[in-house]
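Each chain, written out:
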Amino acid sequence: MTKAQLQEHLHSLEERLLHPDRETNRNDLSNLLAPEFKEFCTTGRIFNVNQLQQALIDSSPRAATMSHFYVTVLGDTAALATYHITTDNSTSHHSSIWVLRGNQWQMLFHQGTIAA
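Residues numbered from 1 in each chain as written. Predicted model: local features only at pLDDT ≥ 70, side-chain atom pairs only at ≥ 80, totals over all residues. Heavy atoms only, no water.

**Here we look at helix H1 (residues 3-18)**
Keep this limit in mind: Runs of H or I in DSSP of at least four residues are treated as helices and runs of E of at least two as strands, each being numbered from the N terminus. A helix is expected to span 1.5 Å multiplied by its residue count minus one. Exposure is judged per residue with a 1.4 Å probe applied to protein chains only, and the accessible area is read against the type maximum: over 50% gives exposed, under 20% gives buried, and values in between give partly exposed. To be clear, the arc concerns the directions from the helix axis to the C-beta atoms. Only heavy atoms matter for contacts: two residues are in contact if any of them lie within 4.5 Å across the pair.
Counted at 1.5 Å a residue, the expected span for H1 with its 16 residues is 22 Å, and the 22 Å between its end C-alpha atoms agrees. Those residues of H1 that sit buried are Leu6, Leu10, Leu13, Glu14, Leu17 and Leu18. Each buried residue of H1 lies within a common arc of 140° when the element is viewed along its axis, so the set occupies one face. Turned more than 90 degrees off the buried face of H1, the exposed positions are Ala4 and Glu8. Of the surrounding elements, those touching the buried residues of H1 are strand E1 (33-40), helix H2 (49-58), strand E3 (65-75), strand E4 (78-86), strand E5 (91-101) and strand E6 (104-114).

**Notes on the side chain of histidine 94**
Where we set the bar: What qualifies as a polar contact is a pair of N or O atoms within 3.5 Å, subject to a donor-acceptor requirement within protein and to the restriction that residues adjacent in sequence count only when both atoms come from side chains.
Note that histidine 94 resides in strand E5. Looking at histidine 94, the relative accessible area reads 13%, which means it is buried. In terms of polar contacts, histidine 94 uses its side chain to reach the side chain of histidine 110, at 3.0 Å. Look past the residues within four positions of histidine 94 in its chain and what remains in contact with it is Thr42, Ala81, Thr82, Tyr83, Ile85, His110, Gln111 and Gly112.

**Here we look at the environment of serine 92**
Of note, serine 92 is situated in strand E5. Look at serine 92 and you get buried, because its relative accessible area is 6%. Separated by 25 residues in the primary sequence, serine 92 and serine 67 have C-alpha atoms spaced 10 Å apart. Sequence-distant contacts of serine 92, that is, excluding residues within four places in its chain, are made with Thr42, Tyr83, His84, Ile85, Thr113, Ile114 and Ala115. Looking at serine 92, its side chain comes within polar contact range of the side chain of histidine 94, at 2.7 Å.

**Describing the nonpolar core**
Rules: As used here, the term nonpolar core means buried Ala, Val, Leu, Ile, Met, Phe, Trp, Tyr and Cys residues forming a set that is joined through side-chain atoms within 4.5 Å.
Judged by nonpolar contacts, the single largest core of 25 residues is most densely connected at Leu10, Leu17, Leu33, Phe69, Val71, Trp98 and Trp105. Looking at this core, the elements with two or more residues in it are H1, E1, H2, E3, E4 and E6. Ranked by residues supplied to this core, first place goes to H1 with 5 residues. Not counting chain neighbours up to four residues away, the residues in contact with leucine 10 comprise Phe69, Val71, Ala79, Trp98 and Trp105.

**Quick notes on the packing of aromatic side chains**
In plain terms, the rule: Here the aromatic set is Phe, Tyr and Trp, taking the six-membered ring for Trp, and pairing holds for ring centres within 6.5 Å; pairs whose planes are under 30 degrees apart are stacked, those over 60 apart are edge-to-face, and all others are tilted.
Within this structure, the stated rule accounts for 2 aromatic pairs. With a centroid separation of 5.3 Å and an interplanar angle of 85°, the aromatic rings of phenylalanine 40 and phenylalanine 109 are classed as edge-to-face. Highlighted residues: phenylalanine 40 in strand E1 and phenylalanine 109 in strand E6, separated in sequence by 69 residues.

As structure tokens, this is what we get:
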């Protein structure tokens, strides 16, 4: 997979997690998260994989736009995605570490920080 293809692929996975309400089956999103997943949220909360899976199932539609998406390849099986999320109320900076396991990319870590 070229870097451009990887960037496009990870962007589509991040969009799925950003807008879980668009999924036919939200349970399919669980496969995008590594079992040892951890998230540091913009609210200051820390989520593990089970908490985020439940949040994805329970979430309502939201108006959020992703921009400035960029992927840094960390190795053959790891990548860092960075981007901005803009809502009606705020802008935040985000980063995700993705790992390739088998033939599937899974998010290992995510952090969101409110922009100043």
